[in-house]
Amino acid sequence: MQRTKDCFIIGVALFAMFFGAGNLIFPPYLGYLVGDKGLAAGAGFLVTSGGLPLLGVLACAKLGGTFTQMTARVGTKFSLVTTSCLILAIGPMLAIPRTAATTFELAVQPHLPWVPPLLGAIIFFAIAVAFIIKPRTIVDNVGKFLTPVLLLLLVIIIFKGIFAPIGLPADTGFQRPFARSLLEGYQTMDAMASVIFAGIVLTAAVNKGYRGKEVTAMIMKAGVVAAVGLAFVYVGLIYLGAQATSLFPLDISRTALLMGVARLELGGVGSAVMGLTVALACLTTAIGLLATASEFFSRHVFKGRVRYETLAVFMAVISALIAVSGVDAIVGFAVPVLTILYPVVITLIILTLMGPAAAGDKVVRFTTYVALTVSLLETIATLTGNAVLKEIISIIPLADAGFAWVVPTVTAYVISALYGFLTWKRSMGKLSVR
């Protein structure tokens, strides 16, 4: 009974840490864009925003550790640089500021228009820092206190939309909903966060007295709890957005659409309910990300020379300053960063889960570097508009769908794995001759 309770608390805490700004603003907007193609869009979105995060948690559980251990097979320097870039991206450079910016635009500005963005961000991060000063209690505080309120508000909003819809999904002419929704799911950053949050879950399980295989089992079950919760909320929010296809102008922003849908769903109290939901969702995510980033840089980069608490405050200050730029600006800046990092993270997650089929470090190293190289070239081509580079990228299968890295990465794995097998077979043959 106690084990089930612990699993549930850790699972809902993990759900809450995943469910932040992007998880609220992207699904309704996706539903609004695709209209009656919501089923295909929902399936694609769930793959990258629900399935991949679950695989990330399972991969870390399989190692009994964190993303640092996962990347160590590629190389020590690669591990430090990649993990640092990943944590900066889902930390003080992108994801954490986005939580504060979303909270301000949806929960503060509509009700307290006289509050400046910087003051709102300072108050937001002051609360977040107060929760993470004692890292041993983070999961329990989030799982026991913040998540139940968040889930209750989300259930109210979604079920109200199901039983009393504000409209019917219409044909918007949206093309290739599944493929484009896969890319939209990138923006939640959940797959990248999963390999980082797994460390917090691991610590929580150990602190509750679990050891060895019990810890691995606990992380896996908690990951499933979180994934199921995410899937329910995503499908519900996509459906709500699809109901609004003919009710708002085409150029409406993500945050304005969310608030508009909430007002139509719940009447006069809709904006207040949605504002509280946003604030709780963003706060739980900011807590998890700040704690993880502070712990990583204190332990692995500064080797204990800079305290966890000091780094938490410093990152909160940086995040507050970036948050002032607003949600849309942060989302725009995030796209090229995610295009580079996501293929690397996905490749490492899959290779880790493959176990013996990807046991050789050389296989992991070569495959990962190919994924990184192609994603880097694709991003450079997009940002610079280089015609030659764009032409080269366009030749690669799936490039037109935004997944130019997939085929070269799979090919690299097959070649390196086959080479490793033939080398091993040749060496065994020489031994038998001797």
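Data block above holds the structure.
Model, not experiment: these values are computed from the prediction. (Residues numbered from 1 in each chain as written. Predicted model: local features only at pLDDT ≥ 70, side-chain atom pairs only at ≥ 80, totals over all residues. Heavy atoms only, no water.)

**Digging into the overall build of the protein**
Moving on, step 1. The helix and strand tally for the protein stands at 18 helices and zero strands.
Moving on, step 2. In terms of C-alpha radius of gyration, the protein reaches 22 Å, essentially the compact-globule figure of 22 Å for 434 residues.
Moving on, step 3. C-alpha extents for the protein along the principal axes are approximately 85 × 50 × 40 Å.
Moving on, step 4. Within the protein, the proportion of its 434 residues that are buried is 53%.
Moving on, step 5. Relative to all contacts within the protein whose residues are 6 or more apart in sequence, the contacts with residues 24 or more apart total 83%.
Moving on, step 6. Counting every atom, the protein has about 18800 Å² of accessible surface; 71% of that belongs to carbon and sulfur.
Moving on, step 7. Taking the average place of the 30 positive charges on the side chains of the protein and the average place of its 17 negative ones, the gap between the two points comes to 15 Å. (Helix = DSSP H or I, 4+ residues; strand = E, 2+ residues; numbered from the N terminus. Rg over C-alpha atoms; globule rule 2.2 N^0.38 Å. Buried < 20%, exposed > 50% of the residue type's maximum accessible area, 1.4 Å probe, protein only. Contact = heavy atoms within 4.5 Å. Areas by Shrake-Rupley, 256 points an atom, 1.4 Å probe, with all protein chains shown as cover. Lys, Arg positive; Asp, Glu negative; His and termini not counted. Charge placed at Lys NZ, Arg CZ, Asp CG, Glu CD.)

**Looking at the side chain of Gln243**
Moving on, step 1. Structurally, Gln243 can be placed in helix H11 (residues 213-243).
Moving on, step 2. For Gln243, a relative accessible area of 0% corresponds to the buried category.
Moving on, step 3. Within the structure, the side chain of Gln243 is placed 3.1 Å from the backbone nitrogen of Ile166, a separation counted as a polar contact.
Moving on, step 4. When residues no more than four places from it in sequence are discounted, the contact partners of Gln243 are Gly161, Pro165, Ile166, Gly167, Leu168, Pro169 and Glu265. (Polar contact = N/O pair within 3.5 Å; in protein donor to acceptor, adjacent residues only side chain to side chain.)

**Concerning the pattern of salt bridges**
Moving on, step 1. By the definition in use, this model includes six salt bridges.
Moving on, step 2. Across the pair Lys37 and Asp171 runs a salt bridge, and its minimum N-O distance is 3.2 Å. One end of the pair, Lys37, is in the loop between helix H2 (21-34) and helix H3 (38-63); the other, Asp171, is in the loop between helix H8 (138-163) and helix H9 (177-186), and 134 residues separate them in sequence.
Moving on, step 3. Taking the relative accessible area as the measure of exposure, Lys37 reaches 24% and is therefore partly exposed.
Moving on, step 4. Where Asp361 meets Arg73, a salt bridge forms, and the shortest distance between an N and an O atom there is 3.4 Å. Within this pair, whereas Asp361 is found in helix H16 (residues 361-384), its partner Arg73 is found in the loop between helix H4 (67-71) and helix H5 (76-89), the two being separated by 288 residues in sequence. (Salt bridge = Lys/Arg side-chain N within 4 Å of Asp/Glu carboxyl O.)

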